[in-house]
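Below, each chain spelled out in residue letters.
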Amino acid sequence: MMKKSFGIIALFSIITVTFFNCSGPRRDNTTEVGSSASSPELVCESHSPTHYKFYIENSGSMKGFFRGTSDAKVIITQMTDRLDGNFKEGDTISYNFISNNIQPYTDSRDRFLNDAYSRCNAQYSELDKNLEMVMDNVDENSVGLLISDYCFESENGNWATAQSGITRLFTRRLNQNPDLTVAILKYNAGFNGRYYPGAINCNKPLPLYIWAFGTSQNIKKIVNLKVENEGVLVFQSSKQLQSKVIKVSGKPARGRVIRDGAIIVKEWDKEHYDDIYSLDLEMNVDCLALSKELIEDVNTYKVSSRYEFDKIELTDNTCKIKVCTNRPAPGSITIEHPYQIPQWVEVSNFESSGLPDDGTTLGFKYLVKGVFDAYNDKYENYFSTSITLK
């Protein structure tokens, strides 16, 4: 009987990335406000060849995804085609099967996908070890992409214990590997084969996931490929970002309203047509691997009391944020983007026996929450920025 074991020992190396303000010097009439000493500026325009390493987890539970002309083949083809279309000089793609060891595949992509059905026959495959091997083969110039159903079983059936073990392992990896990030992408794909655990005949769509590992800049390329998916989640380390005040209540930020890098409250007038005080801010977010949708989602942010968001827009790696208040006061405005578990992860979870409900995966939310807890305990947010008021 085919069996996939998902013990929580040594789940995998993950991932953080230090956020930098990746822009060269700017010359304009705006004034920088907020702490900048901890935000070094880098130019991120140089290119080193990137090696994209695809891994299909070839246990028997994956066989049903690759029968005939399957959705899984289409998803992988679309992703590799888009990568190839955006290649820069020296970029490459390689293909591998993985099931407790890595089996490089030296023929073409199409043959790789066609052979996947016959190659998905491993009787025993440990997800944690597979992920660990992928992470061991990733560096600053490569990306590892592991394709699996990501069913997660605890050795003793205790989900809380399994989640805690993952948190412990992720925390350990975060301390050891500060320059990596991960993107979790969910797809729905037709399945016709035996579903494990249980070796149950199954002929219906099931979730298929691609977890991508690498630097934030390389993972950003994966997130922005725009291959249609059911959900994207990124984890990376926190950074205090610089912000520029561009407008104060609709007027250019200059003159007496800004002094010594701070907003002078007594000089801050209301907007001409509205009975509110507002600030328009800009931040360079080039080094963030977050999707445009997540950066622009007002509901994923927190802001200091008394203040609320008017809008958040992302254009060409510049995040524009407008905050408003009815009564400003000396102190500071802090804006942060905390880690959150998106709703699609919650509804993707299955905890019973037999065939999973449509769109669900055994134990999936516990696997993801284990990662979340490690990041949230260590960093609390993707990024934050603050404005001083005097």
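This part is about the pairing of strand E10 (residues 200-203). Side chains on a regular strand alternate between the two faces of the sheet. Examined bridge by bridge, strand E9 (residues 192-195) and E10 share four bridges and lie antiparallel to one another. Looking across to E10, one finds that asparagine 192 is bridged to asparagine 203. Hairpin connection between E9 and E10: a loop of four residues separates the two successive antiparallel strands, and glycine 198 in this loop has a positive phi of roughly 115°.

Another aspect to go through is unusual backbone geometry. The step from tyrosine 196 to proline 197 runs through a cis peptide bond, and the omega angle for that step is 5°. Structurally, proline 197 is set in the loop between E9 and E10. Backbone geometry at lysine 226 places phi at a positive 65°, although glycine is not the residue there. Its location among the elements puts lysine 226 in the loop between helix H5 (216-223) and strand E12 (231-235).

Moving on, we come to the packing of helix H1 (residues 71-85) against helix H2 (residues 109-119). At a minimum axis separation of 11 Å, H1 and H2 run at an interaxial angle of 160°. The orientation of H1 relative to H2 falls into the category roughly antiparallel. When you trace H1 past H2, the crossing you get is right-handed. Here H1 contributes Lys73, Ile76, Thr77, Thr80 and Asp81 to the contact with H2, which in turn contributes Arg109, Leu113 and Asn114. Per-class residue counts for the contact of H1 with H2 are two nonpolar, three polar and three charged.

Parts of the prediction with low pLDDT should not have their coordinates interpreted in detail. Residues with a pLDDT of 70 or more make up 88% of the chain, whose mean pLDDT is 86. In the predicted structure, residues 35-45 sits below a pLDDT of 50 and forms 26 contacts with residues beyond four places in sequence or in another chain.

Here the second largest pocket is characterised by a volume of approximately 440 Å³. Lining the second largest pocket are 22 residues, with Val232, Leu233, Ser291, Glu293 and Leu294 positioned closest to its centre. If you list the elements that add at least two residues to the lining of the second largest pocket, you get strand E8 (181-189), H5, E12 and helix H6 (292-296). The greatest single-element share of the lining of the second largest pocket, amounting to three residues, is contributed by E12. Its residues placed into classes, the lining of the second largest pocket shows 14 nonpolar, five polar and three charged.

Looking at the element boundaries, arginine 327 is found in the loop between strand E21 (318-325) and strand E22 (331-338). What makes arginine 327 exposed here is its relative accessible area of 54%. In this structure arginine 327 touches Tyr277 and Arg306, once residues within four positions along its chain are discounted.

Bringing the pattern of salt bridges into the picture now. One pass over the structure, following the stated rule, counts 14 salt bridges. Of the charged contacts, one joins glutamate 126 and lysine 129 as a salt bridge, the two residues approaching to 3.3 Å between their closest N and O atoms. For glutamate 126, a relative accessible area of 8% corresponds to the buried category. In this structure lysine 129 comes out as partly exposed when scored by relative accessible area, which is 35%. The partner of lysine 204 in a salt bridge is aspartate 358, with the nearest N and O atoms 3.2 Å apart.

We now examine the sheet that holds strand E3 (residues 51-57). Strand-to-strand pairing in sheets goes through backbone hydrogen bonds, with the strands running parallel or antiparallel. Within the open sheet, the seven strands sit side by side as E5-E4-E3-E7-E11-E8-E12. Their pairing is mixed. Unpaired on one side and paired on the other, strand E5 (102-105) and E12 mark the two borders of the sheet. Mean inter-strand twist for the sheet, computed between neighbouring axes without regard to direction, equals 20°. Bridging between E8 and E12 involves five bridges; their strand directions are antiparallel. Residue pairing in the sheet places lysine 186 in a bridge with glycine 231 of E12. Here H2 sits on the sheet and contacts E3, strand E4 (92-98) and E5; the angle it forms with E4, its principal contact strand, is near 5°.

What follows covers the pairing of E22. Bridging between strand E19 (residues 302-303) and E22 involves two bridges; their strand directions are antiparallel. Bridged to lysine 302 within E22 is glutamate 336. As paired strands, E22 and strand E25 (residues 381-389) are joined by eight bridges and run antiparallel to one another. Bridge pairing in E25 places histidine 337 opposite phenylalanine 383.

Moving on, we get to the packing of helix H4 (residues 159-176) against helix H8 (residues 364-378). Each pair of packed helices gets described by two things: the angle between the helix axes and the distance between those axes. With their axes 7 Å apart at the nearest point, H4 and H8 run at an angle of 45° to one another. Viewed along their axes, H4 and H8 adopt a mutual orientation that is oblique. Of the two possible hands of crossing, H4 and H8 adopt the one that is right-handed. Counted together, Trp159, Gln163, Ile166, Thr167, Phe170, Thr171, Leu174 and Asn175 of H4 and Tyr366, Leu367, Lys369, Gly370, Val371, Asp373, Ala374, Tyr375, Asp377 and Lys378 of H8 form the full contact between these two elements. Across the contact of H4 with H8, the residue classes tally to nine nonpolar, five polar and four charged.

In this section: empty space enclosed by the protein. Empty space left among the atoms is revealed by rolling a probe the size of a water molecule over them. One pass over the structure, following the stated rule, counts one cavity of 30 Å³ or more. Computed from the structure, the largest cavity encloses a volume of approximately 70 Å³. For the largest cavity, the full set of lining residues is Ser61, Phe65, Asp149, Cys151, Phe191, Tyr195, Leu206, Pro207, Thr360 and Thr361.

Here is what the cut-offs are and how they apply
Residues numbered from 1 in each chain as written. Predicted model: local features only at pLDDT ≥ 70, side-chain atom pairs only at ≥ 80, totals over all residues. Heavy atoms only, no water. Pairing = 2+ DSSP bridges. Helix = DSSP H or I, 4+ residues; strand = E, 2+ residues; numbered from the N terminus. Axes fitted to C-alpha atoms, helices over the stretch in contact; angles between N-to-C directions. Parallel < 35°, antiparallel > 145°, perpendicular 65-115°, else oblique. Left-handed = near helix turned anticlockwise from the far one by under 90°. Contact = heavy atoms within 4.5 Å. Nonpolar A, V, L, I, M, F, W, Y, C, P; charged D, E, K, R; others polar. pLDDT = per-residue confidence, 0-100. 1 Å grid on protein atoms, 1.4 Å probe; cavity = no way out; pocket = protein on both sides within 12 Å on 5 of 7 lines; lining within 4 Å. Points joined across faces, edges and corners; volume = space filled by probe spheres on them. Buried < 20%, exposed > 50% of the residue type's maximum accessible area, 1.4 Å probe, protein only. Salt bridge = Lys/Arg side-chain N within 4 Å of Asp/Glu carboxyl O.

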